[in-house]
Amino acid sequence: MVGSIEVANNCTHSNGVVQSSNGSEEKLDELRRYIGKADGDLLKIVGVGGGAWGSVFAALLQDSYGQYRDKVQIRIWRRPGRAVDRATAEHLFEVINSREDVLRRLIRRCAYLKYVEARLGDRTLYADEILKDGFCLNMIDTPLCPMKVVTNLQEAVWDADIVINGLPSTETREVFEEIRDYWKERITTPVIISLAKGIEAEISPSPRIITPTQMISQETGVPIENILYLGGPNIASEIYNKEYGNARICGSERWRLPLAKFLRQPQFIVWDNSDLITHEVMGGLKNVYAIGAGMVAALTNESATGKSVYFAHCTSEMIFITHLLTEEPEKLAGPLLADTYVTLLKGRNAWYGQMIAKGQLSLDMGDSISGKGTIQGVSAIEAFYELLRQPSLNVLHPDSNKAVAPVELCPILKILYKILITREQGPQAILEALRDENLNDPRDRIEIAQTHAFYRPSLLGHPLPKSHLN
């Protein structure tokens, strides 16, 4: 079998801080029994994708359970061959030397010299190589624990019990299509936890949203009951640095309850919920409006008034859209707003909007940015716009009293589409849209959604509830 495994030392320390067990062995034993592992049979967990959240998630598991080598194997796969540019190598060297614990660890592992050579330009480092030492290319400033890195996808996943999807939504389908070939001979069905936040749009035969968990099920044949989504209001680097955070794991009761318990830590509380697809869609929706928030912040020189005006309009559009997607949208209000808030404060999508508005990034650079990874809000803007422009979803416009596509009541989504997708207008257009005296009061949009039967279960692939058929 072709490929390589980079073996990390036992990670009982994270950045020099001794980790307490917090009952971790008992939780591991409980999950092993639940899955049906015999004594001496390793529970095999693999992360697919080495982005910021995927790497942090694998590192959290390694910190908590990696010391029990006779019971669990934790690895992460990422593509080989991604070179670290000179500027990043220089910054990485500064980070290493600013952290005595990291510096000592690299010297002890005889790995420090290669970072010296990379800083001098005498050597090229690769993303999979530095991940072995605990450095994620998209999150250089936050050293992680050393990890076992696999560069061959087949080797990584063929017998994995739990697979963590840390890929961007735009890459999920392609990679899991390849994984399907490696699982043809499997007897047992793996459990998959997806961290991806993004959607695809399917227009024919009827408009609907395709989420990463659905992509995975379509490509691999793994039943949706074995696929879960985990998301929440948090920033990856802050979670790893022990900032208190929470998340929600969504999916079938069979798996979400034991996995929530397994993943829960004192500083990272994991709740559970049955509403898989809706929570997943909401995770993608907040990225759409985070890009616009970044633009407004940059164009108004961080004006609190300007940002609050934008927030009022963007949240009203999000509330409007959730009424189309779920029968009980009020249950999503808190988690959705919390996830939106943290993304506006420090997320990569808001950062991207700022850089575009400032002219420091060009749209021609695409949505995969060095040092940040994939900006998933860009593809989500296109998907939501294409779905909500469909005449089959028409709603009544409050002013004209005529049937219009839902997107006509979402002016921010429309202008983001024109700025980022068709490129008909520049970033300044988002301020012009907000300052339009004909723009509806955000309260009106919410009221329209709350007083009309907007729910379109077909958008998420659900049948119409019996209450709507009577």
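For the structure itself, look to the data block above.
Quantities reported herein were computed from a predicted structural model and do not represent experimental measurements.

Rules used throughout
- Within each chain, residue numbers correspond to sequence positions counted from 1 in written order.
- Residues qualify for local features only when their pLDDT is at least 70, as the model is predicted, and side-chain atom pairs are given and counted only at 80 or more; totals for whole chains, interfaces and linings, by contrast, use all residues.
- Here the side-chain values reflect all heavy atoms present in the structure, with hydrogen atoms and water set aside.
- Helix and strand assignments follow DSSP, with helices taken as H or I runs no shorter than four residues and strands as E runs no shorter than two, numbered in order from the N terminus.
- In this setup the radius of gyration rests on C-alpha atoms only. A globule is expected at 2.2 Å times the number of residues raised to 0.38.
- Whether a residue is buried, partly exposed or exposed follows from its accessible area with a 1.4 Å probe, protein chains only, as a fraction of its type maximum: under 20%, in between, or over 50%, in that order.
- Every residue pair with non-hydrogen atoms within 4.5 Å of one another is taken to be in contact.
- As used here, the term nonpolar core means buried Ala, Val, Leu, Ile, Met, Phe, Trp, Tyr and Cys residues forming a set that is joined through side-chain atoms within 4.5 Å.
- Fitted lines through C-alpha atoms serve as axes, helices being fitted only where they are in contact, and the angles separating the N-to-C directions of these axes extend from 0 to 180 degrees.
- Oblique is the label for any angle not covered by the other classes, which are roughly parallel (under 35 degrees), roughly antiparallel (over 145) and roughly perpendicular (65 to 115).
- A clockwise turn of the near helix away from the far one marks a right-handed crossing, whereas an anticlockwise turn of less than a right angle marks a left-handed crossing.
- Each residue gets one label: Ala, Val, Leu, Ile, Met, Phe, Trp, Tyr, Cys and Pro are nonpolar, Asp, Glu, Lys and Arg are charged, and the others, such as Gly, are polar.
- Two N or O atoms count as a polar contact when they lie within 3.5 Å, although within protein this holds only if one can serve as hydrogen donor and the other as acceptor, and sequence-adjacent residues are included solely when both atoms are side-chain atoms.

**Here's the deal with the overall build of the protein chain**
Phase 1: Scanning the protein chain from N- to C-terminus turns up 20 helices and 17 strands.
Phase 2: The C-alpha atoms of the protein chain give 23 Å as radius of gyration, which agrees with the globular expectation for 470 residues (23 Å, within 12%).
Phase 3: Seen through its C-alpha atoms, the protein chain measures out along the principal axes to roughly 70 × 55 × 40 Å.
Phase 4: Taking all 470 residues of the protein chain together, 57% fall into the buried category.
Phase 5: Long-range contacts, defined as pairs at least 24 residues apart, comprise 72% of the intrachain contacts of the protein chain with a sequence gap of at least 6.

**Comments concerning the nonpolar core**
Phase 1: In this structure, Tyr289, Phe320, Tyr352 and Phe384 are the most contacted members of the largest nonpolar core, which totals 64 residues.
Phase 2: Residue contributions to this core peak at eleven residues, all from helix α12 (residues 276-299).
Phase 3: Not counting the four nearest positions on each side in its chain, Tyr352 is found in contact with Ile291, Leu361, Leu363, Gly366, Ile369, Ile375, Val378 and Leu420.
Phase 4: One finds Leu28, Leu31, Met139 and Val270 within the second-largest nonpolar core, a separate group that totals 43 residues.

**Some thoughts on the side chain of Thr343**
Phase 1: Among the secondary structure elements, Thr343 is positioned in helix α14 (residues 333-346).
Phase 2: The buried category is assigned to Thr343, whose relative accessible area is 5%.

**Some remarks on the packing of helix α13 (residues 304-325) against α14**
Phase 1: Packing of α13 against α14 brings their axes to within 12 Å, and their N-to-C directions diverge by 140 degrees. By the angle class used here, α13 and α14 are oblique. Like other packed secondary-structure pairs, α13 and α14 cross with a definite hand, here right-handed. When α13 is examined against α14, the residues Phe311, Thr315, Met318 and Thr322 are found in contact with a partner set consisting of Leu336, Leu337, Thr340 and Leu344.
Phase 2: Here the residues of the contact of α13 with α14 sort into five nonpolar, three polar and no charged.

**Observations regarding helix α15 (residues 348-358)**
In an α-helix, one turn spans 3.6 residues, which is why side chains three or four residues apart end up on the same side.
Phase 1: Counting buried positions along α15 yields eight of eleven residues, so the element is predominantly enclosed.
Phase 2: Along α15, the residues that are buried comprise Asn349, Ala350, Tyr352, Gly353, Gln354, Met355, Ile356 and Ala357.
Phase 3: At its buried positions, α15 is contacted by α12, α14, β14 (368-369), α16 (376-388) and α17 (411-420).
Phase 4: In the stretch just after α15, Gly359 is the one whose phi turns positive, near 80 degrees.

**Regarding the environment of Asp159**
Phase 1: Mapped onto the elements of the fold, Asp159 is located in the loop between α7 (153-157) and β7 (162-165).
Phase 2: Taking the C-alpha atoms as reference points, Asp159 and Pro391, 232 residues apart in sequence, are found 46 Å from one another.
Phase 3: When near neighbours in sequence (up to four residues on either side) are disregarded, Asp159 contacts Lys44 and Arg186.
Phase 4: Among the polar contacts listed, one links the side chain of Asp159 to the side chain of Lys44, at a separation of 2.5 Å.

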